Amino acid sequence: MPCSSGLSSVRMLCLAALTAAVGTGCTGKTVDDTAIGSTFPANFMWGTAVAGFQVEPGCPTIPESECEDQHSDWYQWVTDPELIADTNNHLSGEPLSDGPGHYELYDEDLDNAVALGTTAFRTSIEWSRLFPDGAAEQATTVDELMQYVDPTALAYYNAYFDDIVAHGLTPLVTLNHYTLPLWIHNGKACHADVDTCTDRGWLDLPRIKPAIALYAGFCAQQFGDRVDWWATENEPFAVVLSGYLIPSADRTNPPGVSRADLAIPVAFNLAEGHAAMYDAIKAYDTVDADGDGVVSMVGAVPNLVATQPLDPTNALDVQGAADLDYVYNRIYLNATINGDFDRDLDGIAEEHRDDIAGRMDYVGVNYYTRITVKGLSVPLFGAYPKTDFYPQVLWEEYPAGIADVVNLANSYGLPAVITENGTQPTDTSGDDFLRPHLQSLLGAMDAGADVRGYFYWTLVDNYEWNHGMSYKFGMYDLDTTTKARTERPMGQTYSDIIASGTP
Ligand code: FCB
């Protein structure tokens, strides 16, 4: 989850805080020299990443009622006048119609992805687009779900995946990139009263787990002949942090409440949701789409952070940094990969779940930042001992950290894919961002790290959640009025790196 370059005031704060604290700037660009001279493997997936909610809206000719998926909790979150008026929600209020209109213009976007030289494309399916009506919950099998599907949405996704494949791009498809159907998560009602709302999303495990598993199975059944790489959940910890723990100007997710007693259970509900989706995909994707001998690769996409103690000689800070790493990076992976649940965050898993363990083929890593940590002598959230830290610098571009997070993923015995990295001003060459990150990544691979691909966030300027269109992260600039896309300078750098295999 980014504290992006667009957040100039926050970055200034980062810089000031960090400079004061440890005497260095926000852009620590440690580059592993061993990388220079070596190249990425020929079959490495080079891609860009998008998410349905963020790119689909803004069609030039298709009516909004079809172009926008108006049945998700995020649609409600960013368009409801009362939610927007509440400044605590930090919602831009920008109309979704300012978006890039990928729903209509995806063919042009895929041309642009190919023009960059990329070989893979990460995108997402919107559950609420396929199943806008809560009647879908009556289905008890994947086959039964077919009677509730929106035919226009199904046709759209079929045409979409056909086109991705026709462009020679390997699709990596996220099934849950934050958004949930309104019928299973009424973010507004839960924002108003999270204890009494009825459509409770990730708070209601007995309801969401079977429903999201059927949806995952349906997608695997319908699209598995074109898709081999699946991602279940995007940034589970961001859902926890920005939805249930500390919604902030940087990111608010629905329902946007501050309740540690709900947030931590949600983290484990997400782990259970992942396992259920994994099993469903394995059962229903039976086709090896690209003939490489692998029918499906199913992973989750946590956002992993590099951490550092504010004062490396202070034992409390060192412990705080380790504990932030544990809570932020590891509890979800420990649960989904090893089946180890540490629900009270005391550092010891009190429950082992064989029905959850071993359900991960790769770890998709969104890597954006290093966090500098001050240790606390008492936990921030009293009931949870491992929350004994306070982040001092929330956002720091730190290329060396990309090696740390792929090594962390590999330490679970699994390959990694960088599923997101970026959020830089793409009107620069990228020499001071893209190259150092990829040099560091290649250095890790030269030292033995198993990394299968890198996806830059993002292809074209998009609707950045609560921020609307104010951030310009795309390799392609978007004219929000004409919907024209224009390549930015960093795109050329990315093309050069892909063509040479050398950052
Ligand atoms: C990540 C999200 C992605 C995008 C980037 C900038 O947290 O996964 O959708 O918003 O940040």
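Report on the accompanying structure. (Residues numbered from 1 in each chain as written. Predicted model: local features only at pLDDT ≥ 70, side-chain atom pairs only at ≥ 80, totals over all residues. Heavy atoms only, no water.)

### Structural notes on the overall build of the protein chain
Here's step 1: When helices and strands are tallied, the protein chain shows 17 helices and 14 strands.
Here's step 2: A globule of 503 residues ought to have a C-alpha radius of gyration of about 23 Å, and the protein chain, at 21 Å, matches this closely.
Here's step 3: Projected onto its principal axes, the C-alpha positions of the protein chain cover 60 × 55 × 45 Å.
Here's step 4: Residues classed as buried in the protein chain amount to 61% of the 503 residues present.
Here's step 5: Entry remark: accessible area of the protein chain is about 16,900 Å², with carbon and sulfur atoms responsible for 53%. (Helix = DSSP H or I, 4+ residues; strand = E, 2+ residues; numbered from the N terminus. Rg over C-alpha atoms; globule rule 2.2 N^0.38 Å. Buried < 20%, exposed > 50% of the residue type's maximum accessible area, 1.4 Å probe, protein only. Areas by Shrake-Rupley, 256 points an atom, 1.4 Å probe, with all protein chains shown as cover.)

### Considerations on the pattern of salt bridges
Here's step 1: This structure, assessed with the given rule, holds 26 salt bridges.
Here's step 2: In this structure, Asp261 engages Arg259 in a salt bridge whose closest nitrogen and oxygen atoms are separated by 2.9 Å.
Here's step 3: Owing to a relative accessible area of 43%, Asp261 belongs among the partly exposed residues under this scheme.
Here's step 4: One network of salt bridges, with partners in common, ties together Lys209, Glu272, Arg343, Glu351, Arg353 and Asp355. (Salt bridge = Lys/Arg side-chain N within 4 Å of Asp/Glu carboxyl O.)

### Comments concerning the site of the ligand
Here's step 1: Surveying the vicinity of the ligand reveals 16 residues, the closest of which are Gln54, His177, Glu235, Glu464 and Trp465.
Here's step 2: Residue Glu464 places a side-chain N or O atom 2.6 Å away from an oxygen atom belonging to the ligand.
Here's step 3: For the ligand, whose accessible area on its own is 300 Å², the fraction buried by protein is 100%.
Here's step 4: Partitioned by chemical class, the residues of the shell around the ligand number 7 nonpolar, 5 polar and 4 charged. (Near = heavy atom within 4 Å. Polar contact = N/O pair within 3.5 Å; in protein donor to acceptor, adjacent residues only side chain to side chain. Nonpolar A, V, L, I, M, F, W, Y, C, P; charged D, E, K, R; others polar.)

### Focus on the pairing of strand 3 (residues 170-176)
In the case of a regular strand, side chains alternate between the two sheet surfaces.
Here's step 1: For strand 3, a buried count of 6 out of 7 residues is recorded, marking the element as mostly surrounded by other parts of the structure.
Here's step 2: Note that strand 2 (residues 120-124) and strand 3 share 5 bridges and pair parallel. Bridge assignment links Ala120 to a residue of strand 3, and that residue is Thr170.
Here's step 3: Note: strand 3 against strand 4 (residues 229-234), 4 bridges, orientation parallel. Looking at the pairing, Leu172 lines up with Trp229 of strand 4. (Pairing = 2+ DSSP bridges.)

### Points about empty space enclosed by the protein
Here's step 1: Under the definition given, this model contains 5 cavities of 30 Å³ or more.
Here's step 2: Around the largest cavity, the lining is made up of 13 residues, and of these Arg251, Tyr368, Glu420, Glu464 and Trp465 lie nearest the centre.
Here's step 3: Looking at the lining of the largest cavity residue by residue, the classes come out as 5 nonpolar, 4 polar and 4 charged. (1 Å grid on protein atoms, 1.4 Å probe; cavity = no way out; pocket = protein on both sides within 12 Å on 5 of 7 lines; lining within 4 Å. Points joined across faces, edges and corners; volume = space filled by probe spheres on them.)

### Considerations on the packing of helix 15 (residues 401-410) against helix 16 (residues 434-446)
Here's step 1: Direction vectors running N to C along helix 15 and helix 16 enclose 40°, while the axes themselves pass 8 Å from each other. Here helix 15 lies oblique to helix 16, going by the angle between them. You can see that helix 15 and helix 16 cross each other, and the crossing is right-handed. For the pair formed by helix 15 and helix 16, the contact residues are Ile402, Ala403 and Val406 on the first element and His437, Ser440, Leu441 and Ala444 on the second.
Here's step 2: The class makeup of the residues in the contact of helix 15 with helix 16 is 5 nonpolar, 2 polar and no charged. (Axes fitted to C-alpha atoms, helices over the stretch in contact; angles between N-to-C directions. Parallel < 35°, antiparallel > 145°, perpendicular 65-115°, else oblique. Left-handed = near helix turned anticlockwise from the far one by under 90°. Contact = heavy atoms within 4.5 Å.)

### Quick look at the state of the cysteines
Here's step 1: Enumeration over the complete set of coordinates arrives at 2 disulfides.
Here's step 2: There is a disulfide in this structure between Cys59 and Cys67, and the S-S distance comes to 2.1 Å. Taking the torsion about the sulfur-sulfur bond, which here is approximately 80°, the covalent link between Cys59 and Cys67 counts as right-handed.
Here's step 3: Among the residues examined, Cys59 registers a relative accessible area of 13% and is labelled buried.
Here's step 4: Looking at Cys67, the relative accessible area reads 2%, which means it is buried.
Here's step 5: Put simply, Cys190 and Cys197 are joined by a disulfide, and their sulfur atoms are 2.1 Å apart. Taking the sign of the torsion about the S-S bond as the criterion, the disulfide between Cys190 and Cys197, at about 95°, is right-handed.
Here's step 6: Residue classification places Cys190 among the buried positions, given a relative accessible area of 0%. (Disulfide = S-S within 2.5 Å.)

### Considering the pairing of strand 6 (residues 303-309)
Here's step 1: Counted residue by residue, strand 6 has 6 buried out of 7 residues, so it is predominantly covered.
Here's step 2: Pairing of strand 6 with strand 9 (residues 362-375) involves 6 bridges; the strand directions are parallel. Residue pairing for strand 9: Thr307 is matched across the bridge by Ile371.

### Observations concerning unusual backbone geometry
Here's step 1: Cis rather than trans, the peptide bond between Pro254 and Pro255 has omega equal to 10°.
Here's step 2: With respect to the secondary-structure elements, Pro255 resides in the loop between helix 12 (236-245) and helix 13 (260-284).
Here's step 3: The backbone of His90 shows a phi angle near 50°, a positive value even though the residue is not glycine.
Here's step 4: Summarising the element assignment, His90 is placed in the loop between helix 5 (81-85) and helix 6 (102-115).

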